[in-house]
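Results of the structural survey
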Amino acid sequence: MEMKKRISLELRNRTPAEVAELVVDNCRSSDGEIEGLTDAFKELEFLSMVNVGLTSLAKLPALPKLRKLELSDNNISGSLETLAEKCANLIYLNLSGNKIKELSTLEALQNLKNLKSLDLFNCEITTLEDYRESIFELLPQVTYLDGFDAEDNEAPDSEADDDDEDGEEGAGQLGEYEEEEDEEEGSEGGEVGLSYLMKEDIQDEEDDGDYVEEEEEEEEGEEEEAEVQGEKRKRDAEDEGEDDDEDDD
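Remember, predicted model here, so these are calculated numbers, not experimental data.

About the thresholds
Residues numbered from 1 in each chain as written. Predicted model: local features only at pLDDT ≥ 70, side-chain atom pairs only at ≥ 80, totals over all residues. Heavy atoms only, no water. Helix = DSSP H or I, 4+ residues; strand = E, 2+ residues; numbered from the N terminus. Buried < 20%, exposed > 50% of the residue type's maximum accessible area, 1.4 Å probe, protein only. Contact = heavy atoms within 4.5 Å. Areas by Shrake-Rupley, 256 points an atom, 1.4 Å probe, with all protein chains shown as cover. Lys, Arg positive; Asp, Glu negative; His and termini not counted. Salt bridge = Lys/Arg side-chain N within 4 Å of Asp/Glu carboxyl O. Polar contact = N/O pair within 3.5 Å; in protein donor to acceptor, adjacent residues only side chain to side chain. Pairing = 2+ DSSP bridges. Phe/Tyr/Trp six-rings, centres within 6.5 Å; stacked < 30°, edge-to-face > 60°. Lys NZ or Arg CZ within 6 Å of the ring centre and 35° of its normal. Core = buried A, V, L, I, M, F, W, Y, C linked by side-chain atoms within 4.5 Å. Arc of directions from axis to C-beta.

**Here we look at the overall build of the protein chain**
A count of helices and strands for the protein chain gives 4 helices and 6 strands. In sequence order, the secondary structure elements of the protein chain are arranged as α-β-β-β-α-β-β-α-β-α. Residues counted as buried form 29% of the 249 residues belonging to the protein chain. Contacts in the protein chain between residues at least 24 apart in sequence constitute 50% of all its contacts with a sequence separation of at least 6. If you sum the accessible surface of the protein chain, you get close to 16,400 Å²; carbon and sulfur atoms cover 43% of it.

**Re the side chain of E70**
Within the secondary structure, E70 sits in strand β3 (residues 68–70). Here E70 is buried and forms no salt bridge, its nearest opposite-charge partner K68 lying at an N-O distance of 4.3 Å. Polar side-chain contacts of E70 include one of 2.9 Å to the side chain of N94. Once residues within four sequence positions are removed from consideration, E70 is found in contact with F46, L47, S48, M49, V50, Y92 and N94.

**A look at the sheet that holds strand β4 (residues 92–94)**
Judged by pairing direction, the sheet is parallel, and its 6 strands sit side by side in the order β1-β2-β3-β4-β5-β6 without closing on themselves. The strands lining the two open edges of the sheet, one partner per strand, are β1 (21–23) and β6 (144–145). Sheet topology note: the β3/β4 ladder contains 3 bridges and is parallel. Each residue of the ladder has a partner; that of E70, found in β4, is N94.

**Observations concerning the environment of L63**
Mapping L63 onto the fold places it in the loop between β2 (46–48) and β3. With a relative accessible area of 0%, L63 lands in the buried category. Sequence spacing of L63 and L83 is 20 residues, and the spatial spacing of their C-alpha atoms is 9.4 Å. Contacts of L63, omitting those with residues within four sequence positions, involve L37, T38, F41, L44, L47, K86 and C87.

**Structural notes on the packing of aromatic side chains**
Applying the stated criterion across every chain, the model contains 0 aromatic pairs. Directly above the ring of Y92 sits K68, whose terminal nitrogen or CZ lies 4.9 Å from the centroid.

**Considerations on the nonpolar core**
Ranked by size, the top nonpolar core spans 46 residues in total, and within it L47, M49, L80, L93, L118 and L120 carry the most contacts. Contributions of two or more residues to this core are made by α1 (3–11), α2 (81–86) and α3 (131–138). In terms of residues, this core owes the most to one element, α3, which gives 4 residues. Those residues in contact with L80 that lie beyond four places of it in its chain are L57, L95, I100, T105, L106, A108 and L109.

**Section: α1**
Every buried residue belonging to α1 is among M3, R6, I7, E10 and L11, and all of these are buried. One face of α1 carries all of its buried residues, which in axial projection span an arc of 145 degrees. Across from the buried face of α1, at angles greater than 90 degrees, the exposed residues are K4 and K5. Residues of α1 that are buried make contact with β1. Just downstream of α1, R12 is the residue with a positive phi angle, here 50 degrees.

**Let's talk about the environment of M3**
Tracing the chain through its elements places M3 in helix α1. Once you skip the residues sitting within four places of it in the chain, M3 turns out to touch C27, R28, S29, I34, E35, M49, V52 and L54.

**Digging into unusual backbone geometry**
Where the residue is not glycine, phi is negative for most of them; where a peptide bond is considered, it is trans in most cases. Even without being glycine, N13 reaches a positive phi, approximately 65 degrees. Structurally, N13 is set in the loop between α1 and β1. Here N13 falls in the exposed class, since its relative accessible area comes to 85%. Even without being a glycine, D152 presents a positive backbone phi close to 65 degrees. By relative accessible area, D152 is classed as exposed at 55%.

**A look at the side chain of R6**
Residue placement: R6 occurs in helix α1. In terms of polar contacts, R6 uses its side chain to reach the backbone carbonyl oxygen of D25, at 2.9 Å. Among all residues touching R6, those that are not within four sequence positions of it are M1, V23, V24, D25 and C27.

Okay, structure coming up:
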């Protein structure tokens, strides 16, 4: 795919001024020059053009906010002065796998006052005697060359740091979510326990009510039986009185 078309697709219905990161790796530059990238990308902070067949940076537009530029695996051999003119705030530059052979080619980078990290892996210049010492002397503003400083301390991996922070945030969110779940379960358990106790109380009241009803029924039965007994005794007494009257006659 041609670089101009690829850049157009990467816009994804955005205007160039809305784009902060642009990756067009593995597309094709028809004449070895940058195509489709204009000054309108004024908010661009990260640009990656890996393996696109570039031989020159002469058509690089002004990108005042660009901080990180990936240009590995191209055929760039010079014209690096354009970087200082168009990307004055560049902090990280990757030129690995290009045709850079001489220290003099890198002199143009001296004007990149904010440049902290430079990668030149797989460039012929890395075979020069005292390569690292020479680069640090030529570009004193550079802290890390090919991932290590002058004392062979490895450069911090900003992406890994971001991942760690995301992981910690994710773990924190997960912990909060689990706590919320536990609270919800505890609340549900409390409701269930309360409901159970209420049901038990209701059942006890119902049982007490049934017992009271049974006692009342028993009392009523005893009263009825007593009344029947009283009536019977009354009739017996009347019968005896009648028998006495007959005997007197």
